[in-house]
Amino acid sequence: MDLSYTPEEEDFRARLRQWLAEVLPGLPPKPSPDDWPARRAYDLGWQRTLYDAGYAEVHWDASLTVRLIFLEETEQAGAPYVGANFVGLLHAGPTIAAEGTPEQRARWLPPVLRGDEVWCQGFSEPDAGSDLAALRTRAWRDGDHYVVSGSKIWTSHAEVADWCELLVRTDPAAPKHRGITWLAMPMDAPGITVRPLRTLAGSAEFAEVFLDEVRVPVANRVGAENDGWRVTMVTLSFERGTAFVGEVVACRRVLGELAREARKNGRWDDPVLRRRLGRLNAEFRALWRLTQWNVSAAETGSGVPGIGGSVFKLRYSHARQELYDAAADVLGAESLDLGRPWVLDRLSSLSYTIAAGTSQIQRNIVAERILGLPKGR
């Protein structure tokens, strides 16, 4: 498979790199991590800047390779992360672009690209654990609406979101994977209660969401009724296949910073640490190549990242944890100082083997769908 870039793609890279060099110095300072309304405004402002410059469309109206170049270059340049736009740009938006009707695409995609609306993800539930298909939030038809009752947990950015990509059970008598429906729920609808959750790292980008007979128009259903699991697999393909691209670039940058810090504080003299950093360098280079392979495979197929994304997600989650464990070795006693670089990142890295599908789930997918091993009994 050819992993090289075409002249047109390299021209896009050069133009983007020049634009970033011109615009980034003039950005305002980032707000406090705890001030989510201010962070929402900052993130939406950056998205609007991208939109006005003609770069927002790369998320859906460009090839996956161009999208890969965009994510690589913006991360290397230190551009603002998608932040509160994460679900809309990298999960819900690509799903609606792939599965939505023309009317749905016209309604929901432009506001995300313009930086007008924020989405959150209402997938996980308190009693389902890592078995997403065990969800119990119910939705039943009442004329032109679904009436939804239940609860969600770990709902990303729910406290500042306008819309929620929501999974509900519409046929409790069907096998659990076949009675699910994917809905777009307005977060200002009556009956929604949002309760923020504070993480180990002290942040509150997640929330519990309680739904008490919330009415959602049937027109907000993406895909057919009870076909939501298939639509969800499209969402998760993007989540595991391309959503972490920028983070791989960030990890490679952090690795270089760790090596410089180790040389400065004397930890570089430890051959065990040097070997560890060298192995991580090889690991992240391989993950980048795997990302390129997944993107190339998607472009020659359906345009949606495939199950190779599970291989990437599984290894990336653990490599990220190993990276920040190595950071603790470099920092020594200072790794207990929350004000030092990489310390909060180390705490947040613990969630990566759970978020976007646990490592156990990813191993099952790799075993069954790639290696052809039998299902466990």
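In what follows, the structure referred to is the one given above.
A. Inspection of the overall build of the protein at higher detail. The helix and strand tally for the protein stands at 11 helices and 8 strands. Across the 377 residues in the protein, those meeting the buried criterion constitute 50%. Contacts in the protein between residues far apart in sequence, at least 24 positions, make up 73% of those at least 6 positions apart. Summed over all atoms, the accessible surface of the protein reaches about 17,300 Å², with 53% contributed by carbon and sulfur.

B. Geometry of helix H5 (residues 102-114). Look at H5: 18 Å from first C-alpha to last across 13 residues, which is about the 18 Å you get at 1.5 Å a residue. Tucked into the core, H5 has its buried residues touching helix H2 (36-52), helix H4 (86-99), strand E1 (119-122), strand E4 (163-169), strand E5 (180-186) and strand E8 (221-222). Immediately beyond the C-terminal end of H5, within one or two residues, lies Gly115, with a positive phi of roughly 80°.

C. Representation of the packing of helix H3 (residues 64-76) against helix H7 (residues 245-265). In contact at an axis separation of 8 Å, H3 and H7 are set at 35° when each is read in the N-to-C sense. Considering only the axes of H3 and H7, their crossing is right-handed. Facing Leu68, Leu71, Glu72, Glu75 and Gln76 of H3, the residues of H7 in contact are Val245, Gly246, Val249, Ala250 and Arg253. Its residues assigned to classes, the contact of H3 with H7 comprises 5 nonpolar, 2 polar and 3 charged.

D. Structural view of the nonpolar core. Grouped together as the largest cluster of nonpolar side chains are 40 residues, with contacts concentrated most on Phe12, Phe70, Leu258, Phe284 and Leu323. For this core, the secondary structure elements donating two or more residues are helix H1 (7-23), H2, H3, H7, helix H8 (271-299) and helix H9 (308-331). The element that contributes the greatest number of residues to this core is H9, accounting for 9 residues. Ignoring sequence-local partners within four residues, the contact set of Phe12 consists of Tyr55, Val58, Val66, Ile69 and Phe70. Among the nonpolar cores identified, the runner-up in size contains 27 residues, and Leu89, Leu90, Ala133 and Leu167 belong to it.

E. Seen up close, the environment of Leu277. Mapped onto the elements of the fold, Leu277 is located in helix H8. For the pair Leu277 and Ala327, spaced 50 residues apart in sequence, the C-alpha separation works out to 9.5 Å. Ignoring any residue separated from it by four or fewer positions in sequence, one finds Leu277 in contact with Leu255, Leu258, Ala259, Trp268 and Ala326.

F. Highlighting unusual backbone geometry. Here Trp154, not a glycine, exhibits a phi torsion of approximately 55°, which is positive. Tracing the backbone shows Trp154 in the loop between strand E3 (145-152) and E4. Backbone geometry at Glu213 places phi at a positive 50°, although glycine is not the residue there.

G. Spotlight on the pairing of E4. The buried fraction of E4 is high, at 7 of 7 residues. Both faces of E4 are covered, namely the face carrying Trp163, Glu165, Leu167 and Arg169 and the face carrying Cys164, Leu166 and Val168. Taken together, the 7 bridges between E4 and E5 define a ladder with antiparallel strand orientation. Looking across to E5, one finds that Trp163 is bridged to Pro186.

H. Layout of the side chain of Glu73. Assignment of secondary structure puts Glu73 in helix H3. Once residues lying within four places of it in the same chain are set aside, the contact partners of Glu73 are Arg13, Leu16, Arg17 and Leu20.

I. Structural context of the packing of H1 against H3. Put simply, H1 and H3 touch, their axes get as near as 10 Å, and they point 30° apart. When the axes of H1 and H3 are compared, the pair comes out roughly parallel. Between H1 and H3 the crossing geometry is right-handed. Counted together, Glu9, Phe12, Arg13, Leu16, Arg17 and Leu20 of H1 and Thr65, Val66, Ile69, Phe70, Glu72, Glu73 and Thr74 of H3 form the full contact between these two elements.

J. Up close: the pattern of salt bridges. The tally for this structure, following the rule as stated, stands at 25 salt bridges. Across the pair Arg315 and Glu283 runs a salt bridge, and its minimum N-O distance is 2.6 Å. With Arg315 in helix H9 and Glu283 in helix H8, this residue pair connects regions lying 32 residues apart in the sequence. When salt bridges that share partners are traced, they join Glu10, Arg13, Arg17, Glu72 and Glu73 into one network.

Reading guide: rules and limits
- Residues numbered from 1 in each chain as written.
- Predicted model: local features only at pLDDT ≥ 70, side-chain atom pairs only at ≥ 80, totals over all residues.
- Heavy atoms only, no water.
- Helix = DSSP H or I, 4+ residues; strand = E, 2+ residues; numbered from the N terminus.
- Buried < 20%, exposed > 50% of the residue type's maximum accessible area, 1.4 Å probe, protein only.
- Contact = heavy atoms within 4.5 Å.
- Areas by Shrake-Rupley, 256 points an atom, 1.4 Å probe, with all protein chains shown as cover.
- Expected span 1.5 Å × (residues − 1).
- Axes fitted to C-alpha atoms, helices over the stretch in contact; angles between N-to-C directions.
- Left-handed = near helix turned anticlockwise from the far one by under 90°.
- Nonpolar A, V, L, I, M, F, W, Y, C, P; charged D, E, K, R; others polar.
- Core = buried A, V, L, I, M, F, W, Y, C linked by side-chain atoms within 4.5 Å.
- Pairing = 2+ DSSP bridges.
- Parallel < 35°, antiparallel > 145°, perpendicular 65-115°, else oblique.
- Salt bridge = Lys/Arg side-chain N within 4 Å of Asp/Glu carboxyl O.

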